[in-house]
Structures are given as structure tokens and as C-alpha cells.
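Residue-level structural notes
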Amino acid sequence: MSETVHAKPVRIHWDKNKCTTCMSCVVVCAERHTGMSALSRSRIQIRVDLPGGDYTAEYCRQCKNAPCAAACPEEAIQFDERLRTWLVDEDVCTGCGQCIEACPFNAIQLDPTTGLAAKCDLCLGATRCVEICPANALVVKGLALSLPVLSVVEGSKEPAEGQTEGAGNDK
Amino acid sequence: MTNKKMGGWAGKILRVDLSSGKTWTESSIEYGQKYIGGRGIAARIAWDEIPPGTGPFDPENRLVFGVGPLTGTSAPNSARTTVCSLSPQAYPYEWFSYSSVGGYWGPMLKYAGYDAVVVEGKSAQPVYLWIHDDNVELRDARDLWGQGTFATQQHLTRKHGSDVRVLTIGPAGENQCRVAIIATGAGSAAGQGGFGAVMGAKRLKAVAVRGTQGIPLAHPEAFSNCTLSITKELQATMGCPEKPELDPHKVRDFGQRHVACSQHCASPACWVSHSYSKVPGVLHPEREYSGTIVCESVIFGGVPETFYDWKVGFQAGFELAQISQDYGINHWELGIGMGPWLRKCHQEGLLKDLDGEPFDLNAPRCWDTLFRKVAYREGIGEALAEGTVRAAKILGLGEELVPEFYTAWGFAGHWDGHGDKINVVIFPYWLVTALQWAMSTRDPMSSGHGYAQNIMNWSLMRSPREGLDWETLADVGAKVYGTRQAVHPASGYEAKAYPAVWHGHRSVMKDSLTLCDQIYPRIFSNKTADHFARAANGLEGPSFEYHMFRLATGMEISKGEFEQMAERVFNLERAVQVRNWDRSRDVDEQVIPHFDQIENWVNPFLGQGMGLDRERFAKLLDEYYTLRGWDPETGRPTRARLEELALSDVADELAERGLAE
């Protein structure tokens with residue numbers, strides 16, 4: 001079902017070396033999508049092992065041939081050509097969890113409140129996690145100039161590294 | 001409030017009685033709406049539940065782990081937990097005090113559904129508290145007793161999951177050392193106060209938490225927009241405009257990187273917090289250490305060209321910071337107080353060695369020995385575990401040398417221009433610190449950082465490249481304190497009481513909301529034309545706390561009413577001190593002799609070192625008590641002020657005891 005040729009997806013990229021593990025992205029994602037501050041309802045996770053242990057991020061890569069979409073028996077995960085992002089149609093999703101099994105990045109989960117699949121939708125263009133990241137560890141990649149909804153990081157004189165790179169690759 | 005949307009608070013206080021093993025919950029909302037959260041809620045509990053005559057190690061003592069309406073939200077630098085209890089470290093009064101700890105524990109407690117955990121009683125056997133959302137259990141901790149803070153965290157995360165966050169004590173807390181910390185992670189602790197010893201006395205080894213719920217917000221969209229805007233303003237460094245760079249050698253050799261010492265840190269370049277990985281040990285070459293160190297733990301390596309210039313070196317210093325964290329000992333007490341005091345005793349020929357082992361602060365081995373002796377009360381450590389001020393009396397050792405390092409209440413110097421010899425602060429700024437020390441139960445950080453540290457770090461003396469000239473600092477000061485004289489370097493004793501009062505309230509806000517003490521309140525900026533901090537949405541820096549509180553909780557109150565909530569808490573804390581320890585102006589004035597000495601640094605405007613002018617300081621105290629609505633003779637809150645602050649019941653009880661009119 002993923003044989004359709006889509007535009008190149010827009011996606012978030014995490015730079016481990018820059019990440020300060022402050023979790024701002026995690027909480028702001030939940031606030032944006034659920035109106036609550038929570039770790040459990042976020043679509044991006046930063047896992048920190050304490051004390052002094054390793055850390056990693058789990059987030060959606062917006063795969064070109066998305067295994068989550070392929071696994072969905074209801075075809076509830078569709079590529080939005082305008083946003084160039086995979087979106088869950090909550091009216092169609094049954095919460096069966098097969099997409100979660102299929103995702104190699106642990107980037108989808110069943111929202112503990114709605115019971116439906118929840119994944120990164122790039123805030124439909126506002127990418128709050130990227131905006132709030134104090135360390136520029138999160139950037140948007142594959143951003144084309146023709147995509148008008150993405151906001152520019154406020155107060156930053158230069159585009160973050162990777163953002164430029166992403167745009168360049170896209171041309 | 002009933003018809004309006006409410007949020008911010010998780011809604012419950014978890015109560016734990018270790019004597020009976022019972023746990024229960026009560027609503028936190030009434031507490032929160034009157035006392036904000038954290039330190040404010042703890043003050044009310046102290047007033048209601050800790051009678052005069054109670055000591056820190058008594059079962060009746062309450063140990064409060066408090067978070068606030070902003071903890072765990074996207075509010076920048078909001079992940080603190082405020083620990084409040086009777087303080088074993090405080091001297092000569094073991095009064096109710098507070099200490100703040102960062103990391104990830106506080107937000108996790110909120111996600112589990114609690115705004116505070118209040119522990120009373122005393123367990124017969126060592127236990128740990130395991131909180132996972134609504135499920136609360138006291139579990140056997142006999143196998144953990146004796147373990148360090150690292151092993152305890154590893155054990156509990158292996159047992160309950162790697163996402164579980166733990167507050168724990170090490171051997172120092174178990175052995176009721178008065179300088180024992182409550183630790184989390186590799187570098188965070190509720191350090192000052194000795195509250196680790198309270199956990200030890202209660203036989204509470206650790207509190208492990210997993211929370212999977214969400215915190216409701218009254219106005220989620222507006223709140224998140226507001227916190228984003230404030231986050232952008234904070235992305236300058238801490239109360240200091242110059243952005244420190246990473247050290248290329250340490251990046252290469254030890255993986256040095258900027259790291260958030262607490263959830264939601266918006267200032268990763270803060271020079272006090274760095275993370276390292278796999279640093280080979282010096283004392284224990286077979287070990288590798290990973291983790292974060294913050295300001296005071298850097299001291300163990302020695303700080304070149306300062307009074308603390310011992311030659312331990314980075315690697316051993318990092319190792320020592322971790323060893324003492326593992327034992328659960330207070331870094332500030334050891335590095336700024338006890339170590340330098342012992343060195344002075346040694347230099348004066350009063351101290352030969354440490355029970356036969358050589359005393360030399362340039363040698364990592366000596367520090368390691370000192371830590372072990374303190375944590376396990378070995379040899380001279382039996383006395384040193386009581387903290388320097390008590391140890392000097394017990395040992396009859398260098399008592400006359402203590403005041404050089406210890407400012408008041410059993411705590412080593414901190415931003416006061418006299419006690420510590422590393423935080424550069426000049427006259428007249430330490431006058432405000434002196435007032436803060438006079439009114440505090442400990443070193444008054446969380447109000448001292450906001451005034452003295454903030455002004456000094458923004459001055460050209462401390463930040464030659466990015467700082468502001470004295471006249472600009474005074475101009476910005478006028479917007480906050482009502483007059484340029486509150487900040488001008490030639491202002492002397494003029495207009496110093498008001499900043500002490502104002503920052504006293506900020507201190508309560510920070511420890512109650514909860515917010516980071518290094519970052520708030522925002523006053524100076526390099527991003528605005530007039531150098532007064534403002535967020536992109538136009539909010540003024542000093543109002544950030546208020547706006548985030550309002551949008552998270554949905555309480556429709558004015559700035560003045562929010563200020564009054566903080567003032568209520570400040571007065572309630574004072575009332576607890578008056579009732580339980582007969583706190584008075586006489587007690588406050590015990591800090592004066594320390595400030596008589598000539599300061600450690602010189603104000604370039606004045607060209608000569610200053611000490612305290614006692615007469616003028618007495619007038620400053622008059623001014624302070626009057627601003628507070630306290631009786632300038634006795635230093636006690638007046639009935640009128642307590643009633644204005646909706647604390648009539650407190651005034652009544654004080655009156656019954658003859659402590660109010």
C-alpha cells in the first residue's frame with residue numbers, strides 16, 4: 001500500500017551531542033496535543049538512565065515507506081501531501097496497536113487517555129518541540145521553502161544547523 | 001473558583017506515617033490556593049503539626065517533599081523539589097528550614113498525582129517509599145541500608161524500571177550526620193539543612209516514584225505560548241550574560257557537554273552544570289565515573305587563583321564529587337566550610353593530622369579520608385559529622401577560627417562578601433545579603449542569588465565583555481525597586497531594605513511554584529534597548545512567575561494578590577520561628593558580628609574595603625521590620641499584618657502565647 005510516490009517527508013532530527021536531556025520537548029508536545037503537562041502523553045520521548053547513565057530519544061522519522069501505515073488494518077495512517085507528514089485519522093483508528101508493533105523507532109504509542117494511536121504530526125506545522133529546544137538539538141529536516149506553515153525559531157539570528165542542511169538536500 | 005477551569009496543582013498531598021505504616025491522601029487545593037505550593041504548603045504543615053519543643057530527630061518532626069503548580073509543566077527551569085523539615089544542620093536553633101533539589105524527581109511526583117509528600121513518625125526497620133501513581137507502598141529496605149546513593153538508585157531502577165526517579169540517602173544520612181544530603185542522580189541534592197539525617201532518623205532510605213498521569217492546565221494554549229516566550233528570554237545564560245564555552249580538551253577526553261541539571265532547564269550554557277562520561281578515577285584507577293557536576297562540586301578539584309586553589313586536579317575532583325555524593329555528604333559544607341576551616345586549624349598548628357593520616361587538601365586521598373570519617377563517624381569524624389560549628393565545640397578545636405568561614409545559623413558563607421571567598425560581592429550589595437541572612441534559617445540563597453549574585457554577575461567586574469555599566473544597572477534597578485539607589489554602587493545604606501523584602505518574596509515564589517533559584521527573577525537583559533528583561537510577548541521579567549502561575553492554575557488574581565500570597569508564606573514561616581524558637585530581633589542580630597569584618601573584595605567606587613557600620617545597620621533593620629509590618633522592637637509580625645494576610649488564626653495562637661498583641 002506504500003507504493004504511491006509521495007513528496008519527500010518533512011521530519012524532525014535529534015542531535016544527541018547537543019541534547020541536554022531537559023525534557024522540554026517531551027512536555028511541550030503533550031501540552032500542545034492534550035492540554036496537559038505529561039511525559040506519558042507525549043509523541044517524543046527522551047529516555048534518561050540515572051545516575052550518570054546513557055540517554056536516547058524516541059521520535060517519528062516520517063519514514064518514506066512507513067511501516068506503521070503499512071501495518072494499519074484500517075488504513076488510518078495516511079500521508080498528508082500538503083504537510084508531507086504521516087497523520088493518524090482518529091476517527092478511523094481503532095486502537096488495535098499494530099502500528100506500534102510495526103514501528104522500529106518506538107515512535108507511536110496508544111495515548112493512555114484516548115486509547116488511540118498517537119504519533120508526531122509536526123504540530124501541523126508549528127513543531128513546538130523544535131521551537132522550545134534550548135540547545136538546538138532538535139531541528140526540522142526536509143523543510144522546503146514552499147511549505148509556509150512552519151514557523152521560524154524566534155530570537156535565533158541564524159537558522160539552526162541541519163535546518164539549512166535539510167533545506168539544501170531538498171532542492 | 002468553582003466555575004472556572006483549574007490546573008497546575010496535581011490535587012493531592014500524600015501523607016505517610018512511618019510509625020504505623022499507614023498512608024493516606026488529602027486535597028492539596030485549599031493549601032495551594034492560599035500558600036502556592038512547595039515551601040508554602042510546608043510552612044502551613046509546620047505551623048499546624050510541629051509543636052514547640054520538637055527536634056529534628058523526633059518522630060513528630062515532619063519531612064515534606066513539596067513541588068508546586070508549575071513543576072513538571074513546560075515552565076522553564078521548573079523542576080525543583082523543596083524539602084522542608086526541622087534542620088539538623090542549623091545551629092544554635094534546629095528550626096524549620098528548607099532546601100531545594102533539581103533533577104527529575106519533582107516532575108515525576110506531579111505526574112503521579114501529588115503536590116507534596118509529608119512524612120511523619122519513625123519506622124522500626126529501614127523502609128523505602130514506592131509511589132506509582134495511586135499505589136503507595138512502604139517496602140523493606142534492610143538490603144539497601146548501608147548502600148551509597150548511586151547503588152540505591154541503580155537497585156531501585158533495576159527493580160521498578162529505568163524511568164523511575166529516586167531520592168535517597170547514603171551512609172551519611174543513615175548515620176544521622178548533620179551534614180547529610182538527600183540525593184538524586186549523580187549530581188543533584190537537597191544539600192543544605194542536613195535533611196538526609198532526618199530521613200536516617202526516620203529509617204526512610206529512599207522515595208522512588210513513577211508517575212504516568214498528566215497535570216491539567218487551566219489555559220493550556222495561553223500557558224504554552226507564555227512559557228515558550230519566556231523560554232526564549234531565558235536562553236541567555238543564568239544570572240550572568242557571558243556564555244561559557246566548553247573546554248575542547250575536556251570535550252575530547254571526558255565527553256564534557258552542557259546538561260540540564262533539572263528538567264526544563266532553558267539555559268544549557270549555565271556555567272555551573274556540566275556532564276562528563278567515563279572519567280577514569282585517580283583514587284580508584286579501576287573505576288570510571290559518569291555524571292553531572294554543578295557549582296559547589298567543582299570546588300573539590302580546587303579553583304585556580306582563588307582561596308580554594310588546592311591542587312587536586314579535574315579528574316580527582318570529579319571523582320571526589322561523586323564519592324561524596326555517593327556517601328551522601330553536603331558538598332558546600334565540606335568544600336567551602338569544613339575543608340578550609342580544618343586547613344586553617346592545621347596551618348595554626350591546632351590540628352596535626354586526621355587520626356594519624358596526613359592532612360593535606362592538595363591530596364585527593366585526604367579528602368577521601370575526610371568524607372569517609374564524616375559519613376561513618378569514624379575517629380574525628382564522630383565530631384565532624386555534627387557539622388563544623390558543633391564539631392569545633394565538641395573537639396575544642398579552632399572555635400575562634402570558625403567565624404571566618406561560617407556566617408550564621410551553622411551555615412558556611414554564601415554570597416555575603418565575608419564567609420565564602422569565591423563569590424565576588426562588594427559593599428553595598430552584601431548589605432542586602434546581611435538582611436537576608438538576618439531573617440533566614442539558613443544561608444539565604446534563593447533570595448541572595450536574586451540580588452547580590454545577579455547584580456555582580458551582570459556588572460563589568462564579573463562580566464567584562466557582556467556586562468552592563470553601573471549606571472545602567474542602577475537604571476534597571478529603579479524599575480524593579482523604585483529607586484536607582486537600590487542598585488547604585490555608591491548608594492551605601494540607602495534603599496537596601498526594600499530589595500531584601502522583595503527578594504524574600506521571590507524566594508518564596510521560587511521554592512513554592514517551584515522554579516530555579518539561579519534563573520529567577522529575571523531583571524537584566526542584553527536583548528532589550530533599556531536592558532530590562534522582557535519576553536517577546538511583552539511580559540516584564542519580574543512578572544514571569546505571576547503570569548505562569550495565573551495561566552497554569554486559573555486563579556484570577558492580580559500581581560499584588562500574588563505578591564501577597566508569597567508574603568503570607570514569609571510571615572507564616574516567621575510565625576513558626578517566633579512560636580517554636582522565640583525568634584526575635586535579638587536573634588536576627590546574631591549575624592551582625594560576622595559582617596563587622598572588612599569585606600573580601602573592594603568596591604572600585606569606594607577604593608577601600610568596608611565592614612558593617614552597626615548604627616546604620618540598626619536603622620536598616622528598623623526600616624526592614626517596618627516595611628514588613630513587624631514590630632521593630634521585637635521583630636515579631638504584628639496582628640494587623642497577619643490579619644491583612646488572612647492569618648488571623650496564627651495571630652490568635654501567637655497572642656495566646658503572649659507573642660502577639
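Residues numbered from 1 in each chain as written. Chains lettered and ligands numbered in written order. Predicted model: local features only at pLDDT ≥ 70, side-chain atom pairs only at ≥ 80, totals over all residues.

**Digging into the overall build of chain A**
A tally of regular secondary structure across chain A gives five helices and nine strands. Order of helices (α) and strands (β) in chain A, N terminus to C terminus: β-α-β-β-β-α-β-β-α-β-β-α-β-α. Across the 171 residues of chain A, 47% fall into the buried class. If you take every contact in chain A between residues at least 6 apart in sequence, the share linking residues at least 24 apart comes to 58%. (Helix = DSSP H or I, 4+ residues; strand = E, 2+ residues; numbered from the N terminus. Buried ≥ 20, exposed ≤ 12 C-beta atoms within 10 Å, placed from the backbone. Contact = placed C-beta atoms within 7 Å.)

**Looking at the sheet that holds strand E14 (residues 257-258) of chain B**
Neighbouring strands of a sheet are bound in pairs by backbone hydrogen bonds; such pairs are parallel or else antiparallel. Residue and element names in this part refer to chain B. Reading across the sheet, the three strands line up as E14-E15-E16 and stay open at both edges, with antiparallel pairing between neighbours. Of all the strands in the sheet, the pair left with one neighbour each is E14 and strand E16 (288-293). Two strands pair when backbone bridges link them, and strand E15 (residues 274-280) and E16 are joined in this way by five bridges, in the antiparallel orientation. By the bridge assignment for E16, Tyr276 is matched with Gly291. Relative to E16, helix H10 (residues 314-327) is tilted by about 75°, and along the sheet it contacts E15 and E16. (Pairing = 2+ DSSP bridges. Axes fitted to C-alpha atoms, helices over the stretch in contact; angles between N-to-C directions.)

**Some remarks on the domain arrangement of chain B**
All names here are of chain B. What the domain assignment lists for chain B is domain 1 (12-210), domain 2 (236-402) and domain 3 (413-515 + 570-645). With centres defined by C-alpha atoms, the gap from domain 1 to domain 2 works out at 25 Å. Listed by partner, the interface residues are 36 residues for domain 1 and 30 residues for domain 2. At the level of secondary structure, the elements contributing two or more residues to the side of domain 1 that touches domain 2 comprise helix H4 (149-160), helix H5 (171-174) and strand E11 (188-190). Among the elements that line the side of domain 1 that touches domain 2, the one with the most residues is H5, at three residues. (Domains from an automatic or database assignment.)

**As for the pairing of E15(B)**
Looking at chain direction, E14(B) and E15(B) are connected through two bridges and run antiparallel. Residue B:His258 lies in a different strand from E15(B), and its bridge partner there is B:His274.

**Some words on the interface of chain B and chain A**
Every contact between the two is made by 35 residues of chain B and, on the other side, 30 residues of chain A. Looking at which element gives the most residues to the side of chain B that touches chain A, the answer is helix H7 (residues 220-234) of chain B, with five residues. Classifying every residue of the side of chain B that touches chain A gives 14 nonpolar, 19 polar and two charged. Pairing analysis gives two bridges linking strand E2 (residues 36-37) of chain A to strand E13 (residues 215-216) of chain B, with the strands arranged antiparallel. Following the sheet pairing, A:Met36 is matched in E13(B) by B:Pro216. (Nonpolar A, V, L, I, M, F, W, Y, C, P; charged D, E, K, R; others polar.)

**Here's the deal with the packing of H10(B) against helix H12 (residues 364-376) of chain B**
All names here are of chain B. Where H10 contacts H12, the two axes come as close as 10 Å, and the packing angle between them is 5°. With respect to their mutual orientation, H10 and H12 come out roughly parallel. For the pair H10 and H12, the contacting residues are Ala316, Leu320, Ile323, Ser324 and Tyr327 in the first and Pro364, Trp367, Asp368, Phe371 and Ala375 in the second. The class makeup of the residues in the contact of H10 with H12 is eight nonpolar, one polar and one charged. (Parallel < 35°, antiparallel > 145°, perpendicular 65-115°, else oblique.)

**Considerations on unusual backbone geometry**
The step from A:Leu50 to A:Pro51 runs through a cis peptide bond, and the omega angle for that step is -10°. Positive phi values are uncommon outside glycine, yet A:Cys123 reaches one of about 50°. With respect to the helices and strands, the residue A:Cys123 is situated in the loop between strand E8 (117-118) and helix H4 (128-132). Non-glycine residue B:Ile36 carries a positive phi angle of around 70°. You can see B:Ile36 is positioned in the loop between helix H1 (29-35) and helix H2 (38-49). Overall, B:Ile36 belongs to the buried group, with 31 C-beta atoms counted inside 10 Å.

**Some details on helix H14 (residues 388-395) of chain B**
Residues and elements named next belong to chain B. Along H14, the residues that are buried comprise Thr388, Val389, Ala391 and Ala392. All buried residues of H14 fall inside an arc of 165° around its axis, so they share one side. Summarising the contacts, the buried residues of H14 are in contact with helix H11 (331-347), helix H13 (381-384) and strand E17 (406-408). At the exit of H14 stands Gly396, carrying a positive phi of roughly 60°. (Arc of directions from axis to C-beta.)

**Focus: the sheet that holds strand E5 (residues 96-101) of chain B**
All names here are of chain B. Overall, mixed pairing links the six strands, which are arranged E2-E1-E6-E3-E4-E5 in an open sheet. Where the open sheet ends on each side, the last strands, each with one partner, are strand E2 (22-27) and E5. When the angles between neighbouring strand axes are averaged without regard to direction, this sheet yields 20°. Across three bridges, the pairing between strand E3 (residues 63-66) and strand E4 (residues 81-86) is antiparallel. Note on E4: the bridge partner recorded for Val64 is Cys84. The strands touched by H2 are E3, E4, E5 and strand E6 (114-120); relative to E3, the strand with the most contacts, the crossing angle is about 155°.

**Considerations on the nonpolar core**
Ranked by internal contacts, the top residues of the largest apolar core, which has 259 residues, are A:Cys129, B:Val117, B:Ile182, B:Val207, B:Ile329, B:Val374 and B:Leu435. The contact partners of B:Ile329, leaving out residues within four places of it in the chain, are B:Ala172, B:Cys177, B:Val179, B:Ala180, B:Ile181, B:Ser324, B:Leu334, B:Phe371, B:Val374 and B:Ala375. (Core = buried A, V, L, I, M, F, W, Y, C linked by C-beta atoms within 7 Å.)

**With respect to the pairing of strand E12 (residues 204-210) of chain B**
Within a regular strand, the side chains alternate between the two sheet faces. All names here are of chain B. For E12, the buried fraction is high: seven of the seven residues fall into the buried class. The sheet contact formed by strand E7 (residues 127-132) and E12 spans six bridges and is parallel. By the bridge assignment for E12, Val127 is matched with Leu204. Sheet topology note: the strand E9 (residues 165-168)/E12 ladder contains four bridges and is antiparallel. Across the sheet, Val166 pairs through a bridge with Ala208, a residue of E12.

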